[in-house]
There are 2 protein chains.
Amino acid sequence: MANRFRNTSTRALRAAVAFGAERIASSERLMGLVYDSTNEANFASVSHHEEMLSDQPRVRAYHRGIHAAVSPGDVVLDLGTGTGLLAFMASRAGASKVYAVEHSDFIEVAREIARVNGFTNIEFVQANSREFTPPEPVDVVIHEQMGDELFNENMLENLLDLRARVLAPNGRILPARFRLFVEPVTFTPSMRVRRLHNIELPDDIDLSAMYGSPLLAPYETGRFEHFWARPGSVSSTIGTPEPIMEFDLNTLESIEALPRRHRIERTAGSDAIADGLCVWFEAIFDDDTTLSTSPLAPPTSWGNRVIRLDREVHAGERIAYDLDLYHLVDASTWSVTQA
Amino acid sequence: MANRFRNTSTRALRAAVAFGAERIASSERLMGLVYDSTNEANFASVSHHEEMLSDQPRVRAYHRGIHAAVSPGDVVLDLGTGTGLLAFMASRAGASKVYAVEHSDFIEVAREIARVNGFTNIEFVQANSREFTPPEPVDVVIHEQMGDELFNENMLENLLDLRARVLAPNGRILPARFRLFVEPVTFTPSMRVRRLHNIELPDDIDLSAMYGSPLLAPYETGRFEHFWARPGSVSSTIGTPEPIMEFDLNTLESIEALPRRHRIERTAGSDAIADGLCVWFEAIFDDDTTLSTSPLAPPTSWGNRVIRLDREVHAGERIAYDLDLYHLVDASTWSVTQA
């Protein structure tokens, strides 16, 4: 018996909502405020920064993307600078001035790293970005506001606010183009956990009669209805992956313009078990640089939420699911029904 | 920014201790009682049983081990029967009678699976094993009481109690032989998270000056001092693995006979980063069947705790650590110092 004390679905946001704040969850804006207040505590750990800075696909994509996007003389704003990495890259890329905005006291760490490394054109601003207006128009807003399920760090609200208030007429956001995937996948057999009635056992022990058994009801905790894919667990997609949505923060009209209800239809490429619908995203910096959190791409510091299916499919079979992104910023509210 | 809301080190036991029960932690016996009380809640989830039953190395080892150890006519006791799997296997192996002991109400599920599968010689007993005495001597006690760090499910106390009270003179425990490893390992580069001052970044950004910086102190949460190895993260051991202890529950004199302080000395086989000391165990059923939770073996439902090192070593270098297993049953109290 093992893996017992690990609660991989404990999320601060969820906890904040669960403890008597259900009403907050009825508003995207209020959910954003909950995120703001828990964000500071969550990133107030060196280990989180170690994780992000050790994530090579992340660091490489930002390095390439920033050097391609920032031109000498540009004014840059780095939203949520953390250790300052993106601000440093922008400075190296030739920015004349970088405003590095960070709401937490961790900004003192970034300031010290800047000092030690001799950066002189970075101004560190301790503020919530929504309460900061730089004294000059900004050519490039750089950010890494992507959560595991893309939206869960208030990316949209924060960046549309900056776009409206501080960006120069030809200014741009980096990264601005995103693709979100919620894709039927199959797991490698050694990493698969089937529903009780589907588990095959030796000695002719048959669990199929437990399907729908009322005896199990008290023990259905929902712990695996959404879970985090362990690295290496996804072996392939069931069909050809297609993003459920694609948008550009430079042109997106409003948060409301993003559709919440999606039909996911795929044709199975082979006989397989569709273990679940797996969430990942791509951040497209430019034609040469895309950062992918796909479970089939090199591992990143982002996790992959899986909405459990455990459905047997046959080669050529058409499967369809209706997905409702109830609160964009809280993927624990995303739900799926077989169509 | 990602992986933010996953608290992979939240353990019910730890939480129980943290919330004002520090004194309990000063006693192995009281820690055992804390485990007993949290155990019921933790395994009262179908998903935990799905995980264990989907763990092929686990199911295969028990299947082979039980069929080799149980002879026709044997009286068997299954300690912590859960879904009943080991009891069913013992029955199939020819046991004349199986006492399947389970303290939680989940025993009704096992009873139903037994009924559906036509088992008639299994007696389900809802009790803590320490309060149950079968009416006849037991030839084989079977169990799966191994926690992620072997001891953290009260395995020793429960089985030494049964051995003393219910086992026939030539009776045996299965599995009885165990090897515990706390082994220096290196991670695959894409899964490695280095300490802040050791992280290498592009654009000549140098973090080495942050070593020991007092600015970081408020953000040192200890979150990565012990962490769970993600599957596939361990690429090899630093030296030749050796168990820090090996024992046989059929002959072990007492819990106190197990040494708590260990010197771990290894010679690095090549230049590497010693990312941490990784915990795993082997359960030896017989000469043919061993269940290993090594991160280099096929994945199981057990996790691998890693005590962080992040130390560069060179081929031929001798490294030494002193390990103190302060409370055997609570690996969060295990500590390491460089020797």
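Residues numbered from 1 in each chain as written. Chains lettered and ligands numbered in written order. Predicted model: local features only at pLDDT ≥ 70, side-chain atom pairs only at ≥ 80, totals over all residues. Heavy atoms only, no water.

**Student:** In this structure, what is going on with the pairing of strand β11 (residues 272-286) of chain A? I would like to understand it.
**Tutor:** All names here are of chain A. Taken across its 15 residues, β11 has 14 buried, putting it largely inside the fold. Across 9 bridges, strand β6 (residues 177-187) lies against β11 in antiparallel orientation. Following the sheet pairing, Phe-181 is matched in β11 by Trp-280. Strand direction decides the pairing type here: β11 and strand β13 (residues 305-313), joined by 6 bridges, are antiparallel. By the bridge assignment for β13, Ala-274 is matched with Arg-311. (Buried < 20%, exposed > 50% of the residue type's maximum accessible area, 1.4 Å probe, protein only. Helix = DSSP H or I, 4+ residues; strand = E, 2+ residues; numbered from the N terminus. Pairing = 2+ DSSP bridges.)

**Student:** I tried to follow the domain arrangement of chain A on my own but got confused; where do I start?
**Tutor:** The parts lose accessible area when they come together, and the size of an interface is often stated as this lost area. All names here are of chain A. Assigned domains of chain A: these are domain 1 (46-177) and domain 2 (178-338). In this complex, domain 1 contributes 33 residues to the contact, which on the side of domain 2 involves 37 residues. For the interface between domain 1 and domain 2, the tally reads 2 salt bridges. Note that Arg-305 is salt-bridged to Glu-149, the shortest N-O span being 2.7 Å. Across the domain 1-domain 2 interface, the total number found is 12 residue pairs in polar contact (both at pLDDT 80 or more). Mapped onto the side of domain 1 that touches domain 2, the elements with two or more residues apiece are α3 (46-53), α4 (56-69), α7 (155-165) and β5 (167-174). Counting residues per element, the side of domain 1 that touches domain 2 draws most heavily on α4, which supplies 7 residues. Counted by class, the side of domain 1 that touches domain 2 contains 16 nonpolar, 6 polar and 11 charged residues. (Domains from an automatic or database assignment. Contact = heavy atoms within 4.5 Å. Salt bridge = Lys/Arg side-chain N within 4 Å of Asp/Glu carboxyl O. Polar contact = N/O pair within 3.5 Å; in protein donor to acceptor, adjacent residues only side chain to side chain. Nonpolar A, V, L, I, M, F, W, Y, C, P; charged D, E, K, R; others polar.)

**Student:** Would you explain the relation of the copies chain B and chain A in this entry?
**Tutor:** Turning one copy of the chain about an axis and sliding it along that axis gives the other copy, so a rotation and a shift relate them. For the pair chain B and chain A, the superposition axis carries a translation of 0.0 Å, the fit reaches an RMSD of 0.0 Å, and the rotation angle comes to 180°. Accordingly, the operation relating the two chain copies is best matched by a two-fold axis. The residues that chain B uses at the interface reappear at the interface of chain A in 100% of cases, marking a shared surface. (Least-squares fit on C-alpha atoms with pLDDT ≥ 70 in both.)

**Student:** Where do I start with the interface of chain B and chain A in this structure?
**Tutor:** At the interface, 82 residues of chain B touch 82 residues of chain A. Buried surface at the junction of chain B and chain A, summed over both partners, amounts to about 7,500 Å²; 62% is from carbon and sulfur atoms. Salt-bridge contacts for B:Arg223 lead to A:Glu51; the nearest nitrogen and oxygen are separated by 2.8 Å. Connecting chain B to chain A are 28 residue pairs in polar contact (both at pLDDT 80 or more). Every element with two or more residues in the side of chain B that touches chain A is listed here: α1 (12-18), α2 (28-42), α3 (46-53), α4 (56-69), α5 (85-92) and α6 (107-116) of chain B. (Buried area = accessible area lost by both parts, 1.4 Å probe.)

**Student:** Explain α5(B) to me, please; I cannot follow it from the model alone.
**Tutor:** Three or four residues apart is the spacing at which side chains of an α-helix point the same way, because the helix has 3.6 residues per turn. Residues and elements named next belong to chain B. Across the 8 residues that make up α5, a large majority, 7, are buried. When we look at burial in α5, the residues that qualify are Leu-85, Leu-86, Ala-87, Phe-88, Met-89, Ala-90 and Ser-91. Backbone geometry just after α5 places Gly-94 at a positive phi near 115°.

**Student:** So what exactly am I meant to see when it comes to the sheet that holds strand β4 (residues 138-143) of chain A here?
**Tutor:** What links the strands of a sheet is backbone hydrogen bonding, and the strands pair in either a parallel or an antiparallel sense. Residue and element names in this part refer to chain A. Ordered by their spatial adjacency, 5 strands build an open sheet running β3-β2-β1-β4-β5, and the pairing between neighbours is parallel. Either end of the sheet is taken by a strand with one partner, and the two such strands are β3 (122-126) and β5. Sheet twist, expressed as the average angle between the axes of neighbouring strands with direction ignored, equals 20°. The sheet contact formed by strand β2 (residues 97-102) and β3 spans 5 bridges and is parallel. (Axes fitted to C-alpha atoms, helices over the stretch in contact; angles between N-to-C directions.)

**Student:** How do you make sense of the sheet that holds strand β14 (residues 318-325) of chain A when you look at a structure like this?
**Tutor:** All names here are of chain A. On the basis of which strands lie adjacent, the open sheet formed by 3 strands has the order β10-β14-β15 and antiparallel pairing. Each edge of the sheet is formed by a strand with only one pairing partner; in this case those strands are β10 (261-267) and β15 (334-338). Each neighbouring strand pair of the sheet contributes to a mean axis angle of 25°, computed without reference to strand direction. In this structure, β14 lies alongside β15, joined through 5 bridges in antiparallel fashion. Within β15, the residue paired with Asp-322 across the bridge is Thr-337.

**Student:** Sorry if this is basic, but what is going on with the packing of α4(A) against helix α5 (residues 85-92) of chain A here?
**Tutor:** For any two helices packed against each other, the geometry comes down to the angle between their axes and how far apart the axes lie. Residue and element names in this part refer to chain A. It is the contact of α4 with α5, at a shortest axis distance of 9 Å, that shows an interaxial angle of 35°. Crossing handedness for the pair α4 and α5: right-handed. For the pair formed by α4 and α5, the contact residues are Arg-58, Val-59, Tyr-62, His-63, Ile-66 and His-67 on the first element and Leu-85, Leu-86, Met-89, Ala-90 and Arg-92 on the second. Within the contact of α4 with α5, the residues separate by chemical class into 7 nonpolar, 2 polar and 2 charged. (Left-handed = near helix turned anticlockwise from the far one by under 90°.)

**Student:** Please explain unusual backbone geometry as it appears in this structure.
**Tutor:** Among all residues except glycine, the phi angle is most often negative; among peptide bonds, the trans geometry is most common. That bond from A:Leu174 to A:Pro175 is cis: its omega, -10°, falls within 30 degrees of zero. Mapped onto the elements, A:Pro175 comes out in the loop between β5 and β6. In the Ramachandran plot, B:Asn154 falls in the positive-phi region, its phi being about 65° despite a non-glycine side chain. For B:Asn154, the position within the fold is in the loop between β4 (138-143) and α7 (155-165).

**Student:** Sorry, what's going on with the environment of A:His143 here?
**Tutor:** All names here are of chain A. Along the chain, His-143 falls in strand β4. Given a relative accessible area of 0%, His-143 falls into the buried group. If we ignore the near neighbours within four places in the chain, the residues touching His-143 are Tyr-62, Asp-78, Leu-79, Leu-86, Met-155, Leu-159, Ile-173, Leu-174, Pro-175, Phe-178 and Leu-249. A polar contact of 2.8 Å, which involves the side chain of His-143, links it to the backbone oxygen of Pro-175.

**Student:** Help me understand the packing of aromatic side chains, please; the structure alone is not making it clear to me.
**Tutor:** Aromatic ring pairs: the centre-centre distance and the angle between the two ring planes describe each pair. Evaluated as defined, the whole model comprises 20 aromatic pairs over all chains. Ring centres 4.9 Å apart and planes at 15° place the aromatic pair B:Phe181 and B:Trp280 in the stacked group. Placement of B:Phe181 in strand β6 (residues 177-187) and of B:Trp280 in strand β11 (residues 272-286) is noted, with a sequence separation of 99 residues between them. Across this residue pair, the class does not change: B:Phe181 and B:Trp280 are buried. Here a set of aromatic residues connected by ring pairs shows up, and it is made of A:Phe151, A:Phe178 and A:Phe247. One residue, A:Arg305, lies across the ring of A:Trp228, its end atom 5.4 Å from the ring centre. (Phe/Tyr/Trp six-rings, centres within 6.5 Å; stacked < 30°, edge-to-face > 60°. Lys NZ or Arg CZ within 6 Å of the ring centre and 35° of its normal.)

**Student:** Help me out: how do you make sense of the pattern of salt bridges in this one?
**Tutor:** Opposite charge on two side chains allows them to pair when their charged atoms are near. This structure, assessed with the given rule, holds 42 salt bridges over all chains. Note that A:Asp275 is salt-bridged to A:Arg192, the shortest N-O span being 2.9 Å. With A:Asp275 in strand β11 and A:Arg192 in the loop between β6 and β7 (226-228), this pair connects stretches of sequence that are 83 residues apart. Just as A:Asp275 is buried, A:Arg192 falls in that class too. Residue B:Glu112 pairs with B:Arg115 through a salt bridge whose shortest N-O separation is 3.0 Å. Linking B:Glu112 with B:Arg115, this pair stays in helix α6, spanning 3 residues, or about one helical turn. Through salt bridges that share partners, A:Arg177, A:Arg179, A:Glu246 and A:Glu282 make up one connected network.

**Student:** Which parts of the structure should I look at to understand α4(B)?
**Tutor:** Residue and element names in this part refer to chain B. Between its first and last C-alpha, α4 extends 20 Å over 14 residues, near the 20 Å set by a 1.5 Å rise per residue. Residues of α4 that are buried: Arg-58, Val-59, Ala-61, Tyr-62, Gly-65, Ile-66 and Ala-69. Burial along α4 is one-sided: seen end-on, the buried residues are contained in an arc of 165°. Seen from the open side of α4, the exposed residues pointing more than 90 degrees away from its buried face are Arg-60 and Ala-68. Packed against the buried residues of α4 are α3, α5, β4, β5 (167-174), β11 and β12 (289-292). Sitting at the head of α4, Asp-55 places a side-chain oxygen 3.1 Å from the backbone nitrogen of Arg-58. (Expected span 1.5 Å × (residues − 1). Arc of directions from axis to C-beta.)

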